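One letter stands for each residue in the lines below.
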Amino acid sequence: TQSTSKGMTHQLIVDLISRTIYAGTMTVDVPENLTLTVKTGAELISQDSKGSILFFADGTSSGGEITLSGPSGASASVRINWITGAVQLEGPPT
């Protein structure tokens, strides 16, 4: 990952108010018709409704989950393992 190759911590930020996900120089705007949720450590939730997930130089992370849910109830999640930093995608049922 970029964190391990560059030897530094990287931060992914989910802004629940602006409905934007920031990862380095990349931004993703979440459409209004989707529900956006983030699960992360309490110390990584700011007072202005931003949640962070950290990726550390040793390959671990703070862990967390980002979920997008549609009006039909279908959802897709990105889960980040706190021990390995591995990212797992779970999509809507087919």
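Colleague: Looking at this model, I keep getting lost on the overall build of the protein chain. Mind explaining?
Modeller: Helix and strand counts for the protein chain stand at one helix and eight strands. Element order for the protein chain, N to C, with α for helix and β for strand: α-β-β-β-β-β-β-β-β. The C-alpha atoms of the protein chain give a radius of gyration of 13 Å, which matches the 12 Å a tight globule of 94 residues would have. Principal-axis analysis of the C-alpha atoms places the extent of the protein chain at approximately 40 × 30 × 25 Å. Counting across all 94 residues of the protein chain, residues that qualify as buried make up 27%. Here the analysis covers contacts within the protein chain between residues at least 6 apart in sequence; of these, 39% occur between residues at least 24 apart.

Colleague: Would you mind showing me how to read the sheet that holds strand β6 (residues 64-69) here?
Modeller: Pairing between the strands of a sheet comes from backbone hydrogen bonds, and it takes one of two forms, parallel or antiparallel. Read from one edge to the other, the open sheet built from four strands follows the order β4-β6-β7-β8, with strand pairing classed as antiparallel. A strand with exactly one partner marks an edge of an open sheet, and here the two such strands are β4 (35-39) and β8 (87-90). The sheet shows a mean angle of 10° between the axes of neighbouring strands, taken without regard to direction.

Colleague: Explain the pattern of salt bridges here, please?
Modeller: Think of it this way: side chains of opposite charge can pair up when their charged atoms draw near. Tallying each qualifying case throughout the model produces four salt bridges. Notably, a salt bridge pairs Glu32 with Arg19, separated by 3.6 Å at the nearest N-O pair. A residue pair is termed long-range when its members are at least 10 positions apart, and Glu32 in the loop between β3 (26-29) and β4 and Arg19 in the loop between β1 (10-15) and β2 (20-23) qualify at 13 residues. We classify Glu32 as exposed; its relative accessible area is 68%. Of the residues examined, Arg19 reaches a relative accessible area of 13% and is grouped as buried. Among the salt bridges present, the one from Lys50 reaches Asp48, with a minimum N-O distance of 3.6 Å.

Colleague: Can you walk me through the pairing of β1 in this structure?
Modeller: Look at any regular strand and the pattern is simple: side chains alternate between the two faces of the sheet. As judged from the six bridges shared by β1 and strand β5 (residues 50-55), these two strands associate in the antiparallel manner. The residue of β5 that forms the bridge with Gln11 is Leu54. Pairing analysis gives four bridges linking β1 to β2, with the strands arranged antiparallel. Looking across to β2, one finds that Asp15 is bridged to Thr20. Here β1 folds back onto β2, and the loop between the two strands holds four residues, one of which, Arg19, carries a positive phi near 60°.

Colleague: Explanation requested: the sheet that holds β5 in the structure shown.
Modeller: Strand order in this open sheet of four strands is β3-β2-β1-β5, and the pairing throughout is antiparallel. Pairing within the sheet leaves two strands with one partner each, and these edge strands are β3 and β5. Neighbour-to-neighbour, the strand axes of the sheet open up by a mean angle of 15°, direction not taken into account.

So, how was this worked out
- Residues numbered from 1 in each chain as written.
- Predicted model: local features only at pLDDT ≥ 70, side-chain atom pairs only at ≥ 80, totals over all residues.
- Heavy atoms only, no water.
- Helix = DSSP H or I, 4+ residues; strand = E, 2+ residues; numbered from the N terminus.
- Rg over C-alpha atoms; globule rule 2.2 N^0.38 Å.
- Buried < 20%, exposed > 50% of the residue type's maximum accessible area, 1.4 Å probe, protein only.
- Contact = heavy atoms within 4.5 Å.
- Pairing = 2+ DSSP bridges.
- Axes fitted to C-alpha atoms, helices over the stretch in contact; angles between N-to-C directions.
- Salt bridge = Lys/Arg side-chain N within 4 Å of Asp/Glu carboxyl O.

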